[in-house]
Amino acid sequence: MDATQTLPAPRLEIHLLGRFAVYIDGEILPESEIGGRKARTLFKLLAQQRHFQLVRDQALDILWPDLDQEAASAQLYKALHAIRKAFAGPAGSTGEWITMSDDLIRMVPPSGLVTDVQQFEQAVRNGIRGDQVSELERAISLYTGDFLPMDRYAEWAAMPREHYRQLYLDALSALADQYEQQGGLSEAAEMLRLALEKEPTLETAHHGLMRIFARKGQPTRAFHQYDQCREVLKEELGMSPSPETRKTLDDIREGRFPGQRQLDTAQESLRGTVPGRAKPIIGRSEACADLDRLLFALSEGKGGTLVINGEAGTGKTRLVQELAKRSLQKEIPCFMGRTGEGNETMAYGPFVELFKEVLHQRPDLEDAIPLEFAQLIPGFSGEGVAIPHADKLAAKGYLFAQIYRFFTRLTENVPAVVILEDLHAADQGSRELFSYLVRHRSMLPVLLVATRRIEIELDEPAADADFLSGLSDHIEKEINIDHLTYEETHNLIHQHTDSAAMPAEVTDRICQLSEGNPLFALELLQHYTGEGLSRSQETGDRSTVASSHLLNGNIPDTLRHLVDQKLEKLSPVAHHLLYIAAVIGRWISYELLASVWSDGEKNEEKDLFNALEEVIRARLLEEHGLDYSFRHALVREIIYAGISGARRRTLHELTALRLAEISGDEDNQPVEQIAYHFLQAGETLRGAKYLVQAGKRAEAAYAHDDALRKYHEARDILDGLEDKEAQNLRCEVLECIGDTYRACGRLEMSYDAYEEAIMLTGAIARSNRNLAELHRKVAVTAILRTEMDRSERYLTKAFELADEHPGMQARLYITQALHWWHLNRLDEAYDIAQEALKRAREADAKAEASQACEILAMTCLPLGRWEEGLQYEMERQIYGWSPEVAVATDAHLCLWEYHVTGDQPLQQARSFMEQVARQATELGDLRCV
């Protein structure tokens, strides 16, 4: 390097909201580096000033009010020296950018200075001035806590603290208005609740929640919110609600409220990812530094993959919230999909939730999502992209490639963070899709993130261990979340309470019992501070409140004991509410909760609100907009384990019935969840029916392994049922298993399933048409294996059993034509395919007509009937795809044109195929190549 060439100046970032932190080129500067409390205070004063300059005399008055001018000036020079010394190494010569004159102290680093308060204030003003949702969301994410909470008693910090606090409330209110205008009622309600947490007397927030409840069609909740507003205003301010709020109440009571019952059910199912209420993260500085490095690379256009591993309660979700917050601070959109109760067995469950969130923010991408995938998304109204699916094995590759293209469209102008929580519990299809994206995301500016729960006491590896081991070369970072140290647990406790009021022996006991698990530490903190020290000290010895030894698989004694003590203090009504919620799952929609609750004759809606308040005060449930969740999955497991078997079955059955009722038509029903609840209720036959529907949905999206898993589960639970309806359903399941095995090329297993179905069909005397169709499918499978004798035997039997229905006859003739085509008996294949096409047209059976045209086109080619073959090929395109005749390809059309018109179309075909091969190579889809 030239001696005269200077190194680039480092970038300086200062955080003052929720914490005090200094970053130099993304690396944190330990607070202790700035020696002396007065020096740190001076640095904070400079950082929060406009233009980062402070009048010299003002600094002296604030920092050394009791000293004379000369002594105070000497202390000021000493403090400036401490600051310059701290930054001399990492940030260059501070003498050049921290200066003092007779009038001013200035801080002007050569590469610029960025503070979170500056960014927050600008984002709020931009968002409110231009009604920009993205800017308001960014502002909420930047507000990680009050201004310099560690300086809460410093007079100089009081005014800016209140200023930023009011800006935060303004941003929440403005964002709630924007969400409500867009139909995002849940997100709007969540913002208003955050505002009320910060300022319980904010009447506009109470009024806004009343309005949202009315639009949601929940007037009783609006009345309840009014009561809360009236009580808090009277208690805190000695005043009554405003005339506007009272008028809204009257309008709701009389059903006159504008827009009442206008719902957006698709949006109501979403949960925002803006982590507005999260406190600064404790004990994860190294992990946070990894997040910053990955986000910095992402902002430069370089994607990556991050896997976060940890035990239950160690803070995987909290770290994900921190990532979401930091990505929004950098104006990088963040999208999240969770694996929860019900969608862990749903085909592509976490991806379905992820795409719901993406499409809510980017509805212009509806035309880029694969149609087969879109059909899994409730309320999807777009057209989607059709995937070529004559060959179902290849179709899965096309499906994944189109999803890759979807992400390409999503990140054309800005990179994105994509998070999949609890990947360890996800379905096989989700893991395969995640693996595909990881392997091919080198050209995508996307940070793919997955969280996994690790149970360290399990002897066997996690189900997804092998799956991730194959991706090790493609994963940029894997974070293993360890337990907190004693000091970190101590800091966590003080973050959530007033350290001055917390006896040292209680803090020590919490640190000891929690063994470094943040979830357990916070639950113990609530136990000791919220339920009284005397009782805790009497009953909280180590023999009663055990440490984290596992019971029932993964529930620690410590947490079980704390939850049990909370339950003891609740009313019977609150107990019943928790039982319903625990049966529903970790995440609970208010609509479903209220529907199950109201089933009992004595369960009035007002009792539901009182019970909800009670369990929220006990910190067992949390509110999220219009819905609720347990604070942690382990809390839900503890409560669920305490429900009696009889009550559990009753509640599961009610939940299944209400889910089917409120979800509307069959296409939008959450069939996996309904099946789960029916099976838990002991309603085997009804559960099996929904399992079959779930399998068909998975198969339609080419998630063959997941479809087979559901079919096999349905078959196994039907084995013990003797009634005819169950046996008929078992026949249907076996046929579905055979179809799926055949679709994914596992032909011998397809034989076994079909033949078992044939035996059972004969035993229970199903119709001959069912038997004929099963024999025909075995014949098709035999043709694919070139076992022509077996094919002929089963096809002959199928003709014997079949009736004269034209659709049935068309399928049989098509199979016969395919059989002869494979034997090179082309004239006979041609004649029978003609008859098949006639019968298909008569039955208006488009799939069969397409198959007949395909057979005719394939037969005309070797017979030299070029023009006639081209006509059948064109007609085949009109009818659509062929589910069984999978030997023709899209290149047929090019061959016909070559034979009919000469060499030019062949050159065009060759050019086209080379282009397809190049694109496939870029996507890594070797089958297309």
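Small disclaimer: the values here were computed from a predicted structure and weren't measured. (Residues numbered from 1 in each chain as written. Predicted model: local features only at pLDDT ≥ 70, side-chain atom pairs only at ≥ 80, totals over all residues. Heavy atoms only, no water.)

Description of the packing of aromatic side chains
Across all of its chains, the model carries 14 aromatic pairs by this definition. With centroids separated by 6.3 Å and ring planes inclined at 70°, the aromatic side chains of Phe 20 and Phe 43 adopt a geometry described as edge-to-face. Taken as a pair, Phe 20 in the loop between β1 (12-15) and β2 (21-24) and Phe 43 in helix α1 (residues 37-48) lie far apart in primary sequence, 23 residues in all. Note on Phe 20: relative accessible area 9%, which makes it buried. Both rings, one in Tyr 348 and one in Phe 400, keep their centres 6.3 Å apart while their planes meet at 85°; by these two values the pair is edge-to-face. Here the residue Tyr 348 occupies a position in the loop between β9 (334-338) and α14 (349-361), and Phe 400 occupies one in helix α16 (residues 392-410), the gap between them amounting to 52 residues. With a relative accessible area of 0%, Tyr 348 lands in the buried category. Here the aromatic residues Phe 120, Tyr 143, Phe 147, Trp 156, Tyr 164 and Tyr 168 are joined through ring pairs into a cluster of three or more. The aromatic ring of Tyr 590 is capped on one face by Arg 221, whose charged end is 4.1 Å from the ring centroid. Of note, Arg 790 hangs over the ring of Tyr 751, and the distance from its end group to the ring centre comes to 3.8 Å. (Phe/Tyr/Trp six-rings, centres within 6.5 Å; stacked < 30°, edge-to-face > 60°. Helix = DSSP H or I, 4+ residues; strand = E, 2+ residues; numbered from the N terminus. Buried < 20%, exposed > 50% of the residue type's maximum accessible area, 1.4 Å probe, protein only. Lys NZ or Arg CZ within 6 Å of the ring centre and 35° of its normal.)

Digging into the nonpolar core
Counting 111 residues, the largest nonpolar core has Tyr 348, Phe 351, Phe 373 and Phe 434 as its most contacted members. Leaving out residues up to four positions away in the same chain, Phe 351 has contacts with Phe 373, Leu 420, Ser 430, Leu 433, Phe 434 and Leu 437. In this structure, Leu 12, Leu 17, Val 22 and Tyr 226 belong to the second largest nonpolar core, which totals 78 residues. (Core = buried A, V, L, I, M, F, W, Y, C linked by side-chain atoms within 4.5 Å. Contact = heavy atoms within 4.5 Å.)

Description of helix α4 (residues 116-130)
Along its 15 residues, α4 runs 21 Å from first to last C-alpha, staying within 8% of the 21 Å computed at 1.5 Å per residue. For α4, the set of buried residues is Asp 116, Val 117, Phe 120, Glu 121, Ala 123, Val 124 and Gly 127. Seen from one end, α4 has its buried residues packed into an arc of 165°, which puts them on one side. The first or second residue beyond α4 is Asp 131, which carries a positive phi of 50°. (Expected span 1.5 Å × (residues − 1). Arc of directions from axis to C-beta.)

Looking at the sheet that holds β1
The strand order across the open sheet formed by 4 strands is β3-β2-β1-β7, and the pairing between neighbours is mixed. In the strand order of this sheet, the two ends are held by β3 (27-29) and β7 (113-115), each with one partner. Within this sheet the neighbouring strands show an average axis-to-axis angle of 30°, counted without direction. Alignment of β1 against β2, held across 4 bridges, turns out to be antiparallel. Note that in β2 the partner of Leu 12 across the bridge is Ile 24. (Pairing = 2+ DSSP bridges. Axes fitted to C-alpha atoms, helices over the stretch in contact; angles between N-to-C directions.)

A closer look at a negative patch on the surface
Where like charges cluster on the molecular surface, the negative patch consists of Asp 57, Asp 61, Asp 102 and Asp 103. Relative to the helices and strands, Asp 57 resides in helix α2 (residues 56-63). Judged by relative accessible area, Asp 57 falls into the partly exposed class, the value being 41%. (Patch = residues over 30% accessible without salt bridge, like charges linked within 9 Å, V, L, I, M, F, W, Y side chains within 5 Å. Areas by Shrake-Rupley, 256 points an atom, 1.4 Å probe, with all protein chains shown as cover. Salt bridge = Lys/Arg side-chain N within 4 Å of Asp/Glu carboxyl O. Lys, Arg positive; Asp, Glu negative; His and termini not counted. Charge placed at Lys NZ, Arg CZ, Asp CG, Glu CD.)

Quick word on the pairing of β1
On a regular strand, one side chain projects to one face of the sheet and the next to the other, so that they alternate. Here β1 folds back onto β2 in antiparallel fashion, the turn holding 5 residues, of which Gly 18 has a positive phi close to 80°. Pairing of β1 with β7 involves 3 bridges; the strand directions are parallel. Across the sheet, the residue bridging to Glu 13 is Val 114, located in β7.

Description of the confidence of the model for the chain
The predicted coordinates should not be examined in detail at positions where pLDDT is low. Per-residue pLDDT for the chain averages 79, and the proportion of residues at 70 or more is 81%. Confidence drops under a pLDDT of 50 for residues 260-276, and excluding neighbours within four residues, the segment shows 51 contacts in the predicted structure. Across residues 885-901, where pLDDT falls below 50, the model places 35 contacts with residues more than four positions away in sequence or in other chains. (pLDDT = per-residue confidence, 0-100.)

Looking at the sheet that holds strand β16 (residues 621-624)
Read across the open sheet, the 3 strands follow the order β15-β17-β16; overall the sheet is antiparallel. Two strands close off the open sheet at either side, each with one partner strand: β15 (587-588) and β16. Summarising the sheet, β15 and strand β17 (residues 627-630) pair through 2 bridges and their orientation is antiparallel. Residue pairing in the sheet places Ile 588 in a bridge with Tyr 628 of β17.

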